[in-house]
Amino acid sequence: MTFEIIFVLLALLGMVIALVLDKMRPGMVLFSVVVLFLCAGILTPKEMLEGFSNKGMITVAMLFLVSEGIRQSGALGQLIKKLLPQGKTTVFKAQLRMLPTISFISAFLNNTPVVVIFAPIIKRWAESVKLPATKFLIPLSYVTILGGICTLIGTSTNLVVHGMILDAGYEGFTMFELGKVGIFIAITGIIYLFLFSSRLLPDVRKDAVKPDDEPEEHSDLHRVEAVLGPRFPGINKKLKDFNFKRHYGAEVKEIKRNGQSYVQDLENEYFREGDTLVVMADDSFVQTWGESSVFVMLANGKDTEPVASKGKRWFALALLILMITGATVGELPAVKEAFPDIKLDMFFFVSVTTILMAWTKIFPARKYTKYISWDILITIACAFAISKAMVNSGVADAVAGYIIGLTDHYGPAVLLAVMLAFSCLSLTAFASEDDAFQGITTEGTITGYKTVKDARSAMQDGYTLKLLKDYVSTSDYNFGISIDGKVRGVTIDLNGYSVTSNQKNGYALKLEQSYGGARDNTVTIKNSGSK
């Protein structure tokens, strides 16, 4: 085992421990690991920064703005009010109306605004119809997750993997390709919630904050949920050391973090970025701090939806539908042929939708940085660098070989399970954008090469050499692709590109039959690309 492999494995172990201890935000933890790899010479500065230019990551950033535009238009608040049954009803009937629709919405929007907008409305509605709100809030959270696995834009992970596949020279996912599996998982999950959530969830949360418990003299106050942003001045300070009421004129009653609720001994609790505070405040709180970068999002328990005209709501929905439809239709072969010079993919339509929402003031363009979760973006970008370090050090090859070796003893089912476990810790690495070739071994290991000379030296039996761009021979290697005759079963995938030699009597492809070469060897030429 080499020094690089040991160093990378120890760094990854330390990263997991730091994430579990929650001492820093995930983005900073991953960035620290990336800097370690840079100092150790495992990563170059260029490889360290490649993730920040990934198309999938940029798409995630713009989808934050699209989701914020839909939220501020007030369309979601109006929709959930129409879904909630009025008058006497049951938990099952109410869930039957709400959960499938919420899951459908979350397939196209970021989960955070969906939950933050819907939760306060559902709480007040549950109180009015005498049903326990606890029977709806956990299912609300779960169906937003289930909906996210059904489309390309449902979660940031889908878009990141999509971007990595494109960088590797393959066709990415279409809008609803993940739904071939995701829809069935979502349906199964929703049915489970219908059948068991009412039995398993408590009728009353003993640790919950109830507005009814407030004294009569505070009847002008109401419940507000505030999500702390990175610029909140009390980050990493205890509540007793940061006088929240003096700063913002509201009293903290509950802190929610990572699915946990804290109502006891609040004075000794620390504020963390991303925490949701439940505070008792008057009408001026949201008016004063609603557009501040201190709070990422505010949900006013008295007036839950932003003030927006009916025309603005319909226009925001029209843009969302245009984005989804355009990205779906843009993948059709007929459309690709009609617009060969423009790639009408999700990135294109998300970019257009974001700009239109900004210029039509659906979200405040001057404060667009407030609505983007920069920590998530940094985490994604650093994950690309970490995956590259795993490839450079040999960890990726070692892990892939071990996983594939399990199939000899345990079968493909165990292989899939182990791959799922490893995918929870890291992202699969692909070739960088400036690679000209991609080498694929029989085990499926993928490595990028800038020159054919480098690719040739790594060839082995059953090797596939795939072009990622048009290749013209260089002065130090003045011919096309030369294959050692000792290597059997090589496949050359042109992938829609060409190989050219700039030598007068050169060649594009040569199979060498040197001493000891394989006499009956063959080379397969294919063209999987459409360029």
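Summarised in this report is the structure supplied together with it. (Residues numbered from 1 in each chain as written. Predicted model: local features only at pLDDT ≥ 70, side-chain atom pairs only at ≥ 80, totals over all residues. Heavy atoms only, no water.)

1. Some points on the overall build of the protein
1) Next: A count of helices and strands for the protein gives 20 helices and 14 strands.
2) Next: A separation of at least 24 residues holds for 74% of the contacts in the protein among residues at least 6 apart in sequence.
3) Next: Split by element, the accessible area of the protein, about 27,300 Å² in all, is 60% carbon and sulfur. (Helix = DSSP H or I, 4+ residues; strand = E, 2+ residues; numbered from the N terminus. Contact = heavy atoms within 4.5 Å. Areas by Shrake-Rupley, 256 points an atom, 1.4 Å probe, with all protein chains shown as cover.)

2. Quick look at the environment of leucine 195
1) Next: Inspection of the secondary structure puts leucine 195 in helix 10 (residues 179–200).
2) Next: Along the chain, leucine 195 and phenylalanine 92 lie 103 residues apart, while their C-alpha atoms are 8.4 Å from each other.

3. Some details on the pattern of salt bridges
1) Next: Summed over the entire model, instances satisfying the criterion amount to 9 salt bridges.
2) Next: Here arginine 25 and aspartate 375 are joined by a salt bridge, their closest N and O atoms 3.9 Å apart. With arginine 25 in the loop between helix 1 (3–21) and helix 2 (26–39) and aspartate 375 in helix 16 (residues 374–393), this residue pair connects regions lying 350 residues apart in the sequence.
3) Next: For arginine 25, a relative accessible area of 33% translates into the label partly exposed.
4) Next: Put simply, glutamate 50 and lysine 46 hold a salt bridge, and the shortest N to O gap is 3.4 Å.
5) Next: By relative accessible area, glutamate 50 is classed as partly exposed at 23%.
6) Next: Take lysine 46: its relative accessible area is 47%, and that puts it in the partly exposed class.
7) Next: Taken together, the salt bridges that share partners define one network made up of Lys123, Arg223, Glu225, Glu254 and Lys256. (Salt bridge = Lys/Arg side-chain N within 4 Å of Asp/Glu carboxyl O. Buried < 20%, exposed > 50% of the residue type's maximum accessible area, 1.4 Å probe, protein only.)

4. Describing unusual backbone geometry
1) Next: Unlike most non-glycine residues, lysine 130 shows phi in positive territory, near 60 degrees.
2) Next: Here lysine 130 lies in the loop between helix 7 (111–128) and helix 8 (134–148).
3) Next: Non-glycine residue lysine 361 carries a positive phi angle of around 65 degrees.
4) Next: Mapped onto the elements of the fold, lysine 361 is located in the loop between helix 15 (346–359) and helix 16.

5. Focus on helix 15
1) Next: Taking 1.5 Å per residue, 14 residues should reach 20 Å; helix 15 reaches 20 Å between its end C-alpha atoms and fits that length.
2) Next: Inspection of helix 15 places Met346, Phe349, Val350, Ser351, Thr353, Thr354, Met357 and Ala358 among the buried residues, and these make up the whole buried set.
3) Next: Buried residues in helix 15 make contact with helix 4 (55–73), helix 9 (156–167) and helix 13 (310–329).
4) Next: Where helix 15 ends, the next residue or the one after it, lysine 361, has phi of about 65 degrees, a positive value. (Expected span 1.5 Å × (residues − 1).)

6. Side note on the packing of helix 6 (residues 91–106) against helix 8
1) Next: In contact at an axis separation of 8 Å, helix 6 and helix 8 are set at 30 degrees when each is read in the N-to-C sense. Taken together, helix 6 and helix 8 sit at an angle that is classed as roughly parallel. The chirality of how helix 6 crosses helix 8 is right-handed. Listed contacts from helix 8 to Val91, Ala94, Gln95, Met98, Leu99, Ile102, Ser103 and Ser106 of helix 6 are Lys135, Phe136, Pro139, Leu140, Val143, Thr144, Leu146, Gly147 and Gly148. (Axes fitted to C-alpha atoms, helices over the stretch in contact; angles between N-to-C directions. Parallel < 35°, antiparallel > 145°, perpendicular 65-115°, else oblique. Left-handed = near helix turned anticlockwise from the far one by under 90°.)

7. Examining the nonpolar core
Side chains that are nonpolar tend, in soluble globular proteins, to be buried together.
1) Next: Counting 71 residues, the largest nonpolar core has Ile80, Phe118, Met323 and Met346 as its most contacted members.
2) Next: If one sorts the elements of this core by residue count, helix 4 sits on top with 9 residues.
3) Next: Each residue touching isoleucine 80, except ones within four places of it in the same chain, is listed here: Met98, Ile102, Phe118, Ile121 and Ile122.
4) Next: Formed by 20 residues, the second largest nonpolar core is a distinct cluster that contains Ala11, Val34, Phe37 and Met48. (Core = buried A, V, L, I, M, F, W, Y, C linked by side-chain atoms within 4.5 Å.)

8. Points about the packing of helix 8 against helix 10
1) Next: As a packed pair, helix 8 and helix 10 sit with axes 10 Å apart at the nearest point and diverge in direction by 170 degrees. The orientation of helix 8 with respect to helix 10, classified from their angle, is roughly antiparallel. Taking contact as the criterion, the partners of Lys135, Pro139, Tyr142, Val143 and Leu146 in helix 8 are, on helix 10, Ile185, Ala186, Gly189, Ile190, Leu193, Ser197 and Ser198.
2) Next: Partitioning the contact of helix 8 with helix 10 into residue classes produces 8 nonpolar, 3 polar and 1 charged. (Nonpolar A, V, L, I, M, F, W, Y, C, P; charged D, E, K, R; others polar.)

9. Brief notes about the pairing of strand 11 (residues 490–493)
Two faces, one strand: in a regular strand the side chains alternate between the faces of the sheet.
1) Next: With burial as the criterion, each face of strand 11 is covered, one bearing Val490 and Ile492 and the other bearing Thr491 and Asp493.
2) Next: Sheet analysis places strand 8 (residues 464–467) next to strand 11, joined by 3 bridges and oriented parallel. Bridge assignment links lysine 466 to a residue of strand 11, and that residue is aspartate 493. (Pairing = 2+ DSSP bridges.)

10. Remarks on the side chain of aspartate 375
1) Next: Looking at aspartate 375, the relative accessible area reads 14%, which means it is buried.
2) Next: Ignoring any residue separated from it by four or fewer positions in sequence, one finds aspartate 375 in contact with Arg25, Pro26, Gly27 and Met28.

11. Here's the deal with the environment of leucine 140
1) Next: Considering the arrangement of structural elements, one finds leucine 140 in helix 8.
2) Next: As a C-alpha pair, leucine 140 and methionine 98 span 42 residues in sequence and 8.5 Å in three-dimensional space.
3) Next: Residues contacting leucine 140, with those up to four places away along its chain left out, are Leu99, Ile102, Val115, Phe118, Ala119 and Ile122.

12. Observations concerning helix 1
1) Next: Compared with an ideal rise of 1.5 Å per residue, which puts 19 residues at 27 Å, helix 1 spans 27 Å between its outermost C-alpha atoms and is within 8% of the ideal.
2) Next: In the stretch just after helix 1, aspartate 22 is the one whose phi turns positive, near 60 degrees.

13. As for a nonpolar patch on the surface
1) Next: A surface patch of nonpolar side chains, amounting to about 800 Å² of accessible area, comprises Ile183, Phe184, Ile187, Ile191, Tyr192, Leu195, Phe196 and Leu200.
2) Next: Looking at leucine 195, the relative accessible area reads 49%, which means it is partly exposed. (Patch = residues over 30% accessible without salt bridge, like charges linked within 9 Å, V, L, I, M, F, W, Y side chains within 5 Å.)

14. Re the environment of isoleucine 149
1) Next: Checked against the element boundaries, isoleucine 149 lands in the loop between helix 8 and helix 9.
2) Next: Residue classification places isoleucine 149 among the partly exposed positions, given a relative accessible area of 29%.
3) Next: Sequence-distant contacts of isoleucine 149, that is, excluding residues within four places in its chain, are made with Asn158, Leu178, Gly182 and Ile185.

15. Overview of the packing of aromatic side chains
Here a ring pair, both rings aromatic, is described through the centre-centre distance and the interplanar angle of the planes.
1) Next: Under the definition given, this model contains 20 aromatic pairs.
2) Next: Ring geometry for tyrosine 192 and phenylalanine 196: centres 4.9 Å apart, planes at 40 degrees, overall tilted. On the criterion of helical spacing, the pair formed by tyrosine 192 and phenylalanine 196 is a turn pair, its members being 4 residues apart in helix 10.
3) Next: By way of ring pairs, the aromatic residues Phe232, Phe242, Phe244, Tyr248, Phe271, Phe285 and Phe295 are connected into one cluster. (Phe/Tyr/Trp six-rings, centres within 6.5 Å; stacked < 30°, edge-to-face > 60°.)

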